[in-house]
Amino acid sequence: MKIDPQSPADLSAQIAKAIRDAIISGALPVDERLPSEAEMAEQFDVSRPTVREALKRLAAQSLIRTQRGATGGAFVNRLRFEDAYGQQITTSTLLLSMNDVSFATACEARYALERACAPLSASRRSADHLATMRAEAHRQLQPGLTDEAFCASDVAFHRALVDAAGNPVLSYQLAGAVEAMQPLMNMITFSARSREKIVALHTSIANAIDAQDAQAADTHLAALATYTQELAQNVIAERQSKRSSGKVDLDPPYGADHTVF
């Protein structure tokens, strides 16, 4: 592992990258003990605080773990897919907020990915996945449920649908679509949506997955996508009309109608 002292990049970042690359390549296998701070400081010709900062960067990414005691130190961690969900969700949210991504584009991507899971979910779903989907659909019918709670339940329903595919790579890839994009979609349509219609579609999707009918599940997901798009178009058109007439939208969930935010 080497770094370039002449590079303008921060030395601790270079060290972290060198170690991360070694982990990815397999040169540093899971559970391998890293050299001590003193040894790495000598190896990279830097101070121990610089090494310590590099290790903090790696720990923040869950790539290493530290243990105390005589046999302690820093060890290569086994990064699980679930451990990376948070970073995937945060990155997806930032990308949507910082770029000119239309609601239609985000919605298209989100449902295209989820519909791709439907055949696998229909064939592999477990009793737990079905129970979660049905429990959330029932919860969404509760009259006193707040918009925030409805959104959380909506996410839980679709999370169970995706996880039913039994594919950790798909679950990871869809974490951003379901956990980041779905709440945003709910926010832009909450004032116009019919909870009863959404619950009816959720129930139909759950029934199709239960019956292992992939085609029906895809049909109902497509209907949900179309309904979401129509709601968004109506909400955006109404806001544009208010602005053109001089009326102020007192509660816009996003700063611009042409983007997700």
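Quick caveat: nothing in here was measured; it's all calculated off a predicted structure.

### Observations regarding helix 4 (residues 85–98)
Okay, step 1: Over its 14 residues, helix 4 extends 20 Å from the first C-alpha to the last, a length consistent with the 20 Å expected when each residue adds 1.5 Å.
Okay, step 2: Residues of helix 4 that are buried: Y85, Q88, S92 and L96. For helix 4, the angular spread of the buried residues around the axis is 65 degrees, confining them to a single face. Turned more than 90 degrees away from the buried face of helix 4 sit Q87 and M98, all of them exposed.

### A few points about the packing of helix 6 (residues 127–139) against helix 9 (residues 195–210)
Okay, step 1: Direction vectors running N to C along helix 6 and helix 9 enclose 165 degrees, while the axes themselves pass 9 Å from each other. When the axes of helix 6 and helix 9 are compared, the pair comes out roughly antiparallel. For the pair helix 6 and helix 9, the sense of crossing is left-handed. For the pair formed by helix 6 and helix 9, the contact residues are L130, M133, R134 and A137 on the first element and V199, H202, T203, I205, A206, N207, I209 and D210 on the second.
Okay, step 2: In the contact of helix 6 with helix 9, the residues fall into 7 nonpolar, 3 polar and 2 charged.

### A closer look at the side chain of E114
Okay, step 1: Inspection of the secondary structure puts E114 in helix 5 (residues 103–124).
Okay, step 2: Beyond its immediate sequence surroundings of up to four residues, E114 is in contact with H158, L161, V162, L174, V178 and L221.

### Re unusual backbone geometry
Okay, step 1: Of note, S62 is a non-glycine position whose phi angle comes to about 60 degrees, a positive value.
Okay, step 2: Locating S62 in the fold gives a position in the loop between helix 3 (48–60) and strand 1 (64–67).

### Quick word on the side chain of H202
Okay, step 1: With respect to the element layout, H202 can be found in helix 9.
Okay, step 2: Polar side-chain contacts of H202 include one of 3.2 Å to the side chain of D154.
Okay, step 3: In this structure H202 touches A137, Q140, D154, F157, H158 and L224, once residues within four positions along its chain are discounted.

### Quick notes on the pairing of strand 2 (residues 73–76)
Okay, step 1: Where strand 1 lies against strand 2, 4 bridges are found, and the strand directions are antiparallel. Along strand 2, the bridge assignment pairs R65 with F75.

### What to know about the domain arrangement of the protein
Okay, step 1: When cut into domains, the protein gives domain 1 (12–76) and domain 2 (82–242).
Okay, step 2: Its C-alpha centre places domain 1 at a distance of 39 Å from the equivalent point of domain 2.

### Topic: the packing of aromatic side chains
Okay, step 1: Going through the model one piece at a time under the given rule, you end up with 1 aromatic pair.
Okay, step 2: R110 extends its terminal NZ or CZ atom over the ring of Y111, reaching a point 4.4 Å from the ring centre.
Okay, step 3: Above the plane of the ring of Y85 lies R159, whose end atom (NZ or CZ) is 5.3 Å from the centre.

### Some points on the nonpolar core
Soluble globular proteins: nonpolar side chains tend toward being buried together.
Okay, step 1: Counting residues in each nonpolar core, the largest one holds 36 residues, and the members touching the most others are M133, M185, I205 and I209.
Okay, step 2: Among the elements of the structure, helix 5, helix 6, helix 7 (147–163), helix 8 (168–189), helix 9 and helix 10 (214–244) are those that each provide at least two residues to this core.
Okay, step 3: Counting 20 residues, the second-largest nonpolar core is a separate cluster that includes I15, L28, L55 and L63.

### Some details on helix 1 (residues 11–25)
Okay, step 1: With 15 residues, helix 1 should cover 21 Å at 1.5 Å per step; its first-to-last C-alpha distance of 21 Å lies within 8% of that length.
Okay, step 2: Each element contacted by the buried residues of helix 1 is listed here: helix 2 (37–44), helix 3, strand 1 and strand 2.
Okay, step 3: One or two positions beyond helix 1, positive phi appears at G26, with a value near 95 degrees.

Basis of the calculations
- Residues numbered from 1 in each chain as written.
- Predicted model: local features only at pLDDT ≥ 70, side-chain atom pairs only at ≥ 80, totals over all residues.
- Heavy atoms only, no water.
- Helix = DSSP H or I, 4+ residues; strand = E, 2+ residues; numbered from the N terminus.
- Expected span 1.5 Å × (residues − 1).
- Buried < 20%, exposed > 50% of the residue type's maximum accessible area, 1.4 Å probe, protein only.
- Arc of directions from axis to C-beta.
- Axes fitted to C-alpha atoms, helices over the stretch in contact; angles between N-to-C directions.
- Parallel < 35°, antiparallel > 145°, perpendicular 65-115°, else oblique.
- Left-handed = near helix turned anticlockwise from the far one by under 90°.
- Contact = heavy atoms within 4.5 Å.
- Nonpolar A, V, L, I, M, F, W, Y, C, P; charged D, E, K, R; others polar.
- Polar contact = N/O pair within 3.5 Å; in protein donor to acceptor, adjacent residues only side chain to side chain.
- Pairing = 2+ DSSP bridges.
- Domains from an automatic or database assignment.
- Phe/Tyr/Trp six-rings, centres within 6.5 Å; stacked < 30°, edge-to-face > 60°.
- Lys NZ or Arg CZ within 6 Å of the ring centre and 35° of its normal.
- Core = buried A, V, L, I, M, F, W, Y, C linked by side-chain atoms within 4.5 Å.

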